[in-house]
Amino acid sequence: MDVGALETTILDIEREALGALEQVADRAALEEWRVRYLGKKSPLSQVMRQLGSVAAEERPRVGEAVNRCRDRLQTAWETAKEALSERLLNERLASERVDVTLPGRRRERGALHPLVRVMQEVEDIFLGMGFTIAEGPEVETDEYNFEKLNLPKDHPARDMQDTFYLTDALLLRTHTSPMQVRTMEAMRPRVPVKVIVPGRVYRRDEDDATHSHAFNQIEGLVVDEGIRMSDLKGVLEQFARAMFGPDQAVRLRPSFFPFTEPSAEVDVRCINCGGAGCRVCKDTGWIEILGAGMVHPHVLDWAGYDHRRYSGFAFGMGVERIAMLKYGIEDIRHLYQNDLRLLRQFARPV
Ligand code: FA5
């Protein structure tokens, strides 16, 4: 066996192995390299296996060359292993780096929506006057939404509240007034009935600055012996003063609702101009906030309260309109758009 050729092979192996080691980029490749160049089937082991055919006096020289080569590869492997560990650690540290000097993430504080606030305020005012609070279904029957409120089929007044029908007999309620009947039916024959009913209602109205197809109302109903129109006016004046300020004036205008007789639209003095006349009140000095009246004898009788003995008043106010007035919101749509510039104004100070 040519010893010189073997020595050259050993040097070639070393050069190849060190070259390959430079390409190693991860732990798996490093392990592969170790098995390949330092394992039992490595080229160096094969050289060792050929030692038998080398002349005896030459063997130590070749053996030493193999051992030196193996030592160098072993050392190179260890160095590469350490370098790789260090590199991986550094990469991990870099990727998990936390800048402790960054400011913390601010937690946004939530706030009640202006509509919810107004509802709660209205509820508080009426609770203070001895009313209780009830809620009714948004999917209502034609019977309760219209017929029991003295609005028979084909009555022209239905047009004012043309609505979303689910079937011939079921619809999305157009007002909270069906709860007048439901409340009386549940209470009869007890008096006094003294309840307010907040809730969402739906109409086929075109959306504009003052109208929405879905909005909120608060119904009020009082039934007892001897209830008069002056009671209605007194309660609404008390409400208006609590809601808008102690000097707030209220005016009742004759109107028509099939379920009240007499009926009235109720205005408050324009909050924007104090009554002088402006764009908000269309130069009238007054703004309508609700419809009201004395409960119609038919409605009382059908709900189980004999109108010859009992009388009552009812009203239905638009919550959005009140919120707009109270907070100077010019377009009803602002209330539904979740624009933080509007909503932030209602965040209470911490
Ligand atoms: C009614 O809905 C009657 N149920 C009120 C009532 C109750 C009368 C009890 C008598 C006795 P009206 O359609 O006028 O009436 O609506 C009442 C209030 O809801 C209005 O004054 C207004 O503030 C508000 N409103 C009506 N339509 C809309 C709409 N499309 N968008 C926002 N608010 C509305």
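Here, every reference points to the structure presented above.
Residues numbered from 1 in each chain as written. Predicted model: local features only at pLDDT ≥ 70, side-chain atom pairs only at ≥ 80, totals over all residues. Heavy atoms only, no water.

Q: What should I look at first to understand the overall build of the chain in this one?
A: Looking only at helices and strands, one finds 11 helices and nine strands in the chain. A globule of 350 residues ought to have a C-alpha radius of gyration of about 20 Å, yet the chain, at 44 Å, is considerably larger. When the 350 residues of the chain are sorted by exposure, 42% land in the buried category. For the chain, contacts bridging at least 24 residues in sequence account for 69% of all contacts bridging at least 6. As presented, the chain carries roughly 20,100 Å² of accessible surface, and 50% of it is formed by carbon and sulfur atoms. (Helix = DSSP H or I, 4+ residues; strand = E, 2+ residues; numbered from the N terminus. Rg over C-alpha atoms; globule rule 2.2 N^0.38 Å. Buried < 20%, exposed > 50% of the residue type's maximum accessible area, 1.4 Å probe, protein only. Contact = heavy atoms within 4.5 Å. Areas by Shrake-Rupley, 256 points an atom, 1.4 Å probe, with all protein chains shown as cover.)

Q: Where do I start with helix α8 (residues 229–244) in this structure?
A: Residues spaced three or four apart along an α-helix face the same direction, because each turn holds 3.6 residues. Here α8 spans 22 Å end to end across 16 residues, near enough to the 22 Å set by a 1.5 Å rise per residue. Those residues of α8 not exposed but buried are L232, V235, L236, F239, A240, M243 and F244. End-on, the buried residues of α8 take up no more than an arc of 135°, which puts them together on one face. Against α5 (114–128), β6 (250–257), β7 (260–269), β8 (286–295), β9 (311–318) and α10 (319–327) lie the buried residues of α8. In the segment just after α8, G245 is the residue with positive phi, at about 130°. (Expected span 1.5 Å × (residues − 1). Arc of directions from axis to C-beta.)

Q: Just to check I follow, could you spell out the nonpolar core for this structure?
A: Soluble globular proteins tend to bury their nonpolar side chains together. F126, F239, F315 and M317 are the most contacted members of the largest nonpolar core, which totals 44 residues. If you tally residues by element for this core, the top one is α8, at seven residues. In this view, F239 contacts V122, I125, F126, M129, I289, M317 and I322; residues no more than four positions away in its chain are not counted. (Core = buried A, V, L, I, M, F, W, Y, C linked by side-chain atoms within 4.5 Å.)

Q: Got a minute to help me understand the site of the ligand in this structure?
A: The ligand sits among 26 residues. The nearest are H175, S177, R203, D205 and E288. In the environment of the ligand, an oxygen atom lies 2.9 Å from a nitrogen or oxygen atom belonging to the side chain of E288. Notes on the ligand: free accessible area 680 Å², of which the protein chains cover 94%. Of all the secondary structure elements, the ones that give two or more residues to the shell around the ligand are β5 (214–224), β8 and β9. Considering each element in turn, the shell around the ligand owes the most residues, five residues, to β8. (Near = heavy atom within 4 Å. Polar contact = N/O pair within 3.5 Å; in protein donor to acceptor, adjacent residues only side chain to side chain.)

Q: Sorry, what's going on with the pattern of salt bridges here?
A: As a working rule, side chains carrying opposite charge can pair if their charged atoms are close by. With the rule as written, the count across this model stands at 25 salt bridges. The closest approach of N and O atoms between R182 and E140, which form a salt bridge, is 2.6 Å. Of this pair, R182 sits in helix α7 (residues 178–187) while E140 sits in strand β2 (residues 139–141); the two residues are 42 residues apart in sequence, bridging distant segments of the chain. One salt bridge in this structure joins E237 and K233, with 3.7 Å as the shortest N-O distance. Here E237 and its partner K233 are both found in helix α8, four residues apart, which amounts to about one turn of the helix. (Salt bridge = Lys/Arg side-chain N within 4 Å of Asp/Glu carboxyl O.)

Q: Mind showing me how you'd approach the pairing of β5 here?
A: Side-chain positions along a regular strand alternate between the two faces of the sheet. Burial runs high along β5: 10 of the 11 residues are buried. Pairing geometry for strand β4 (residues 193–202) and β5, over 10 bridges, is antiparallel. The residue of β5 that forms the bridge with K194 is V222. Here β5 pairs with β9 via eight bridges, running antiparallel. From the neighbouring strand, D224 faces β9, where its bridge partner is S311. (Pairing = 2+ DSSP bridges.)

Q: When you look at a nonpolar patch on the surface in this model, what are you seeing that I'm missing?
A: Among the surface-exposed residues, V139, L166 and L170 lie close enough to one another that they form a single nonpolar patch of about 230 Å² accessible area. Following the sequence through the fold, L170 ends up in strand β3 (residues 170–172). According to the relative accessible area criterion, L170 is partly exposed, its value standing at 31%. (Patch = residues over 30% accessible without salt bridge, like charges linked within 9 Å, V, L, I, M, F, W, Y side chains within 5 Å.)

Q: How do you make sense of unusual backbone geometry when you look at a structure like this?
A: It is generally the case that most residues other than glycine have a negative phi and that most peptide bonds are trans. In this chain, V191 is followed by P192 through a cis amide linkage whose omega measures 0°. Among the secondary structure elements, P192 is positioned in the loop between α7 and β4. Positive phi is not limited to glycine here, since K282 has a value of about 50°. Summarising the element assignment, K282 is placed in the loop between β7 and β8. For K282, a relative accessible area of 69% gives the class exposed. Its identity as a non-glycine residue notwithstanding, D283 has a phi of 65°, on the positive side.

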